[in-house]
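Commentary on secondary and tertiary structure
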Amino acid sequence: MGRYVTEYERAAAEYLTAFIRLFYSRGKSAYEIEDKLEIHSDLIYKLIPSYKAELEKRNLEYIEKLKKEASPINPDKILTHKHFYFYQETWRRHSQYLRNVGPWQRRFNFTNPIDYHIGRKKRYTGSDIEVLLKLSTAASATIKPVIENYNDRELLPVYKLRIINYIADGYSLKELSEKFNCSELAIKQTLEEREMVYPVSETSIEKRIIRAVEEGYSFEQLAARFKYTAEEKLTAIIKEIRITPALEEGANFTE
């Protein structure tokens, strides 16, 4: 990445490079990376020269995308609003962003990767923490991984009962964690309270399907409730419980 006057400039360069790689992997164009990191495309290409050809290709695709989103009354408005101008049959961008690491580091008072945030929103949450963990300690920053917080809100009895029923119907811990906005640990603790084994056996789920069929569930309702059970199996159980006995009764009545 070249030579830098201070360790802070080097830290800034490493930070920018890491996030350029992150946004590049997410399919972003150079114009979009400019706005996210507030750096000029020239600096992007200086830090990672091998990305230039692909990013310039994505820039053209980005402009075409903006054109499609434009108003038919004033199609150029969205482009001009994003600082594009038309020159020699080509749309170009007028960028006020900085072209070098040093000025960027000093403007934003960047001293180390872990403390820095863009637009007052910290960038080291979620998947971004994986990027920051790979940064060097050039600025003597100690980067610690995010520890998952299992101190969930206490689940009300009604939610615990619903979770138990969903588990018994074959749902996964991950799906229920997202559905009830709680950790998988909270769900496991609920199962332990009820002394319930996970995962539930196929035999146990089949018994619940049979009970639901006997209670009058329609095929659509069964398919929605037991969505991890093959439709062929649901059909076979319905046939065995409802259709076959009805046919046999009809035959006996005829005799």
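Figured I'd write up the structure that's included with this text. (Residues numbered from 1 in each chain as written. Predicted model: local features only at pLDDT ≥ 70, side-chain atom pairs only at ≥ 80, totals over all residues. Heavy atoms only, no water.)

A few words on the environment of Phe226. Within the element layout of this structure, Phe226 appears in the loop between helix 12 (219–225) and helix 13 (231–254). Of the residues examined, Phe226 reaches a relative accessible area of 0% and is grouped as buried. The sequence separation of Phe226 and Tyr166 amounts to 60 residues, and the corresponding C-alpha distance is 9.1 Å. Not counting residues within four places of it along the chain, the set of residues in contact with Phe226 comprises Asp169, Ile205, Arg208, Ile209, Ala212 and Leu234. (Helix = DSSP H or I, 4+ residues; strand = E, 2+ residues; numbered from the N terminus. Buried < 20%, exposed > 50% of the residue type's maximum accessible area, 1.4 Å probe, protein only. Contact = heavy atoms within 4.5 Å.)

In the structure shown here, the tally under the stated rule is ten aromatic pairs. Between Tyr24 and Tyr51, the aromatic rings sit 3.8 Å apart at their centres with planes inclined by 10°, giving stacked as the arrangement. Here Tyr24, found in helix 1 (residues 7–25), pairs with Tyr51, found in the loop between helix 3 (41–47) and helix 4 (52–69); they are 27 residues apart in sequence, far enough to count as distant. The exposure class assigned to Tyr51 is buried, which follows from its relative accessible area of 13%. Ring centres of Tyr171 and Tyr228 lie 5.6 Å apart, and the angle between their planes is 90°; this geometry places the pair in the edge-to-face category. Of this pair, Tyr171 sits in the loop between helix 8 (157–168) and helix 9 (173–179) while Tyr228 sits in the loop between helix 12 and helix 13; the two residues are 57 residues apart in sequence, bridging distant segments of the chain. A network of ring pairs unites the aromatic residues Tyr15, Phe19, Phe23, Trp104 and Phe108 as a single cluster. A cation over a ring is seen here: Arg58 above Tyr24, with NZ or CZ 4.2 Å from the ring centre. (Phe/Tyr/Trp six-rings, centres within 6.5 Å; stacked < 30°, edge-to-face > 60°. Lys NZ or Arg CZ within 6 Å of the ring centre and 35° of its normal.)

The contact between helix 1 and helix 2 (residues 30–37) brings their axes to 10 Å, and the two run at 135°. With respect to helix 2, the axis of helix 1 lies oblique. Helix-helix and strand crossings are classified by hand; for helix 1 and helix 2 the assignment is right-handed. For the pair helix 1 and helix 2, contact is made by Leu16, Phe19, Ile20, Phe23 and Tyr24 and by Ile33, Lys36 and Leu37, respectively. Looking at side-chain class alone, the contact of helix 1 with helix 2 contains seven nonpolar, no polar and one charged residues. (Axes fitted to C-alpha atoms, helices over the stretch in contact; angles between N-to-C directions. Parallel < 35°, antiparallel > 145°, perpendicular 65-115°, else oblique. Left-handed = near helix turned anticlockwise from the far one by under 90°. Nonpolar A, V, L, I, M, F, W, Y, C, P; charged D, E, K, R; others polar.)

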